[in-house]
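Chain residues, written in single-letter form:
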Amino acid sequence: MFVKKIFSIKTLVFAIFLVVLCNLTPRAQGKSTTENYKNTKFKAREKLYKDLIQQNQLSDISLLAAYDSLMMLCAQQNKMEEVCLWAMEKSAELRKIGKYSASFFESKHCLHLMDSLHLNQSPQLVNKNVECLYDMAKMALNLGLYDQSVGYLFDMISISKNTNQSIQAYSLLSLLFINMDKPQLAANYINKATKLINSSKTKVDSATMFIYYNHYGGVFYAQKKYNEAIAQMEKAEEYAQKGNEEDLLVVYYNLSNIYISLDERVLARNYLLNILKICKDKTSYLHALATQNVGYIYFLEGQYQQALTYYTQAMALAHKIDAKKLLSSTLIEMSEVYMELQDYKTAWTYQKQGYTLKDSVMNTKAMEEIMIQTNNFEQRQEKLEKQILTQNLLVNTLQNRNKTVLLIILFVLLAIFIVLLAWILKRLKVQQNNNKNLNNTLSTLEDNTKKEVLHSTQKLNEDIDFKNRELTSTSLLLIKANEMVGILKNEIKKLKVCKMEEATKEIVNEMESVLNTHNTDQNWQEFKLYFEQVHPNFFFSLTHLCPELSTSEQRTCALIFLNFSTKEIASITHRSPRTVETIMYQIRKKLNIPSEEKTLNFIQDILRKENTK
C-alpha cells in the first residue's frame, strides 16, 4: 500500500515538470489552432442567434429559446457581462407578453449573478443594474409584492447618481405607498420627486417626466380627486407622444379608468378602443386588459351580448399570454353577465372557474419562493460538481503523461523528492478530507431543501382550506339574498290587494313572476352541500344526537356554529329576533344543554367529539 502511494506521489511530482514540456512551441501552435477553431465556431453561432432575435419574426416561445441559447453560449466563453445584458432583454420580452412572474424571476436571477460576480461596478452594467432594479420594482408592484418593490427602489436610489433615475424611483414609491394605504408617505415621495425636478440644473428627459406625471395622476386617482388626476394624465400624454407607443397606451388606459369612475362611459370607451386599434396586430397584457374593460362598459350599459363578445376576446388574449389573474377576473365578470341574462347554470360555471383560477394565482408567491429555493440549491450543487470535475480531470491528465519522460526527470528531482514527500502526503490527506466535507455539504443542502419544500407545501394546503371556508361564507350571503326575495314577495302580495291601474298591475305581476323563479329551498340545499364539504360530520352528528331536530333548527345550529349573532340569524332566515330566540330555546331544550353553557360551545364540542371518533 505504501509503495503504491509512493509511486502515485512520484507521478504527481513528475507531472509538474511535464506541464513545462507541454508548453513547447509545436504543442502551443496546435493548441492555438484548436482555440481559433472554437472561437470561430462560437462567433458563428452567436451571430446566428443575434440575427434571429433582431429579425422580430419569431414566435414568443422561439424568441425566448433564442435568448436562452445566446446566454448559454456567452457563459461558455466566460462573457458574463453579456450574459447579464441578454438576461435583461429576455426579462423585457417576458414583460411585453404579460408573463410578469417569469420576468420577475429572470431579473432577480440576473441581479444575483451580477452581485455574485461583482459586475455591479462594471462601466457597461452600472446603469443597466439600476434599470433592472426599477423593472423589478414595477413587476413586484404588479404581482402585489409591495415590500419587495419598496426595497428595490431604495437600492436603486442608493446606487444611482442620475437625477432622472431618482425622480422615477420617488414617483413609483409614491404610487406604492398609495397602494399600501399610506397616503402621507406617498405625498412625501411625490414631493421629493417634484423638488428634484425643480432643482435640477439639467433638463429632465421626456421619459422621466412621463413617469412623474403618470404616477402623480395615479396618486390623485387613488385619492378620488379625478379632475386633478385627469390634468396630470394629460400632461403625461404630451410626453408619451414624444416617447414610445407603449407609454401612450398606458396613459389611454389610465384615462379610461378615471372616466369610468366618473361614469363618463363614452369617453372611457373611446380611449379603450384607441388602445385596441393600436394593438390590433399585437398581443400584450394591456391589449387584453383594455378588451376586458370595453366589455365591462357594455355590461354597465346593459348591452350584454356586446359585453360577452369582448369578454370572449379578452379570454382568448389572456390564454395566449398566460395571464391567469386577468383570466380569472374576466371569467367572474362573465358570470355576472349571465346572471343578468338569467342563465344561472352558465353563470355558476364561469364563476366557479374564475374563483378556482383566482385561488391558484394567489398561491403563485409561495410557488415562486419554492422555485427560488430550488434554483439556489441547484446553483450551489452545480458549483460543487464543477469543482469535483475539475479535480478529477487534473488527476486523469496527470496519470496519462508519458512515463518515459517522467523517469528521465526522476534523476533530476531525486534530491527534491525526499523533501517534498512529507508535504505531498499531507496535501493528499487534506484533499481527501475536503472531498468528504463536500459530500457532507451536498447531503445537508439536499435535506434542508426537502424540508423547505415540505413546509411550503403545507402552507399551500392551509391556504386552500382557508379559501374553502370563504366559499362557505359566500354561500351564506347567497341564502341571505334569497331570503330578501321572500320579503319582496310579501310586499308584492300587499300591493296586489290595493287598487292599481292595469299597467301597474302588469308590472307587479311580472315582478312576482321573476321572483317566483328563485328557489329558496334549492339554495339552502346548496349551502348545506358546501357547509358539509368543510364540516362533513356536522349534520350527521346533530341527527345522531337528536333526531327530533327539524330542518329549520338544524339550519339555525349551523348558523350558530358559524358564530352569527341572533340578529344576524334573524336577518338571514327572514325571522324576527324573538322567533330566533324561541328556536334557540327549543334547540337547547332538545339537546339538553346546561344553562351555564353557551349553545355555540356545546355545538363545537359535538363536532369535535365526532371528529375524534
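Residues numbered from 1 in each chain as written. Predicted model: local features only at pLDDT ≥ 70, side-chain atom pairs only at ≥ 80, totals over all residues. Heavy atoms only, no water.

A separate point is the confidence of the model for the protein chain. When pLDDT drops low, the exact placement of atoms in the prediction is not to be read closely. Summing up the model confidence of the protein chain, the mean pLDDT is 76 and the portion of residues at 70 or higher is 77%. Every residue in residues 1-7 is under pLDDT 50, and counting partners more than four places away or in other chains gives two contacts. In this model, residues 10-31 is a region of pLDDT below 50 whose contacts with residues beyond four sequence positions or in other chains number 24 contacts. (pLDDT = per-residue confidence, 0-100. Contact = heavy atoms within 4.5 Å.)

So, on to the packing of helix α12 (residues 245-261) against helix α13 (residues 265-278). Between α12 and α13, whose axes approach to 8 Å, the crossing angle comes to 155°. Taken together, the axis directions place α12 and α13 in an arrangement best described as roughly antiparallel. Taken as a pair, α12 and α13 cross one another with a handedness that is left-handed. The residues of α13 that touch α12, namely those facing Glu 245, Leu 249, Tyr 252, Tyr 253, Leu 255, Ser 256, Tyr 259 and Ile 260, are Leu 267, Ala 268, Tyr 271, Leu 272, Asn 274, Ile 275 and Ile 278. By residue class, the composition of the contact of α12 with α13 is twelve nonpolar, two polar and one charged. (Axes fitted to C-alpha atoms, helices over the stretch in contact; angles between N-to-C directions. Helix = DSSP H or I, 4+ residues; strand = E, 2+ residues; numbered from the N terminus. Parallel < 35°, antiparallel > 145°, perpendicular 65-115°, else oblique. Left-handed = near helix turned anticlockwise from the far one by under 90°. Nonpolar A, V, L, I, M, F, W, Y, C, P; charged D, E, K, R; others polar.)

Helix length check: helix α16 (residues 324-340) (17 residues) gives 25 Å between terminal C-alpha atoms against 24 Å at 1.5 Å per residue, within 8%. Within the sequence span of α16, burial applies to Leu 326, Leu 327, Ser 328, Thr 330, Leu 331, Ile 332, Glu 333, Met 334, Ser 335, Val 337 and Tyr 338. Two residues or fewer past α16, Gln 342 is found with a positive phi of approximately 65°. (Expected span 1.5 Å × (residues − 1). Buried < 20%, exposed > 50% of the residue type's maximum accessible area, 1.4 Å probe, protein only.)

A word on the nonpolar core. Core analysis: the biggest nonpolar cluster contains 106 residues, and Leu 153, Leu 173, Tyr 212 and Ile 275 have the highest contact counts within it. Setting aside residues up to four positions removed in sequence, Tyr 212 forms contacts with Ile 167, Ser 171, Ile 190, Ala 193, Thr 194 and Ile 197. Listed in part, the 26 residues of the second largest apolar core include Phe 539, Ile 572, Ile 593 and Ile 603. (Core = buried A, V, L, I, M, F, W, Y, C linked by side-chain atoms within 4.5 Å.)

Once that is clear, we can look at the packing of aromatic side chains. By convention here, two paired aromatic rings are described through the distance between centres and the angle between planes. The tally for this structure, following the rule as stated, stands at 15 aromatic pairs. Ring geometry for Phe 177 and Tyr 189: centres 5.5 Å apart, planes at 15°, overall stacked. Taken together, the residues Phe 177 in helix α8 (residues 163-179) and Tyr 189 in helix α9 (residues 183-199) connect sequence positions twelve residues apart. Just as Phe 177 is buried, Tyr 189 falls in that class too. (Phe/Tyr/Trp six-rings, centres within 6.5 Å; stacked < 30°, edge-to-face > 60°.)

Phi is positive for Lys 224, which is not a glycine, with a value near 65°. Along the polypeptide, Lys 224 turns up in the loop between α10 (206-222) and α11 (226-240). Residue Lys 224 is classed as exposed on the basis of its relative accessible area of 63%. Positive phi outside glycine occurs at Asn 563, with the angle close to 70°. Along the chain, the position of Asn 563 falls in the loop between α23 (551-561) and α24 (566-573).

Under the definition given, this model contains four salt bridges. Taking the shortest distance from any N to any O, the salt bridge between Lys 90 and Asp 68 comes out at 2.5 Å. In this pair, Lys 90 is assigned in helix α4 (residues 80-96) and Asp 68 in helix α3 (residues 60-76), connecting sequence segments 22 residues apart. The class of Asp 68 is partly exposed, set by a relative accessible area of 33%. Two residues, Glu 553 and Lys 590, come together in a salt bridge whose shortest N-O distance is 2.9 Å. Taken together, the residues Glu 553 in helix α23 and Lys 590 in helix α25 (residues 577-591) connect sequence positions 37 residues apart. (Salt bridge = Lys/Arg side-chain N within 4 Å of Asp/Glu carboxyl O.)

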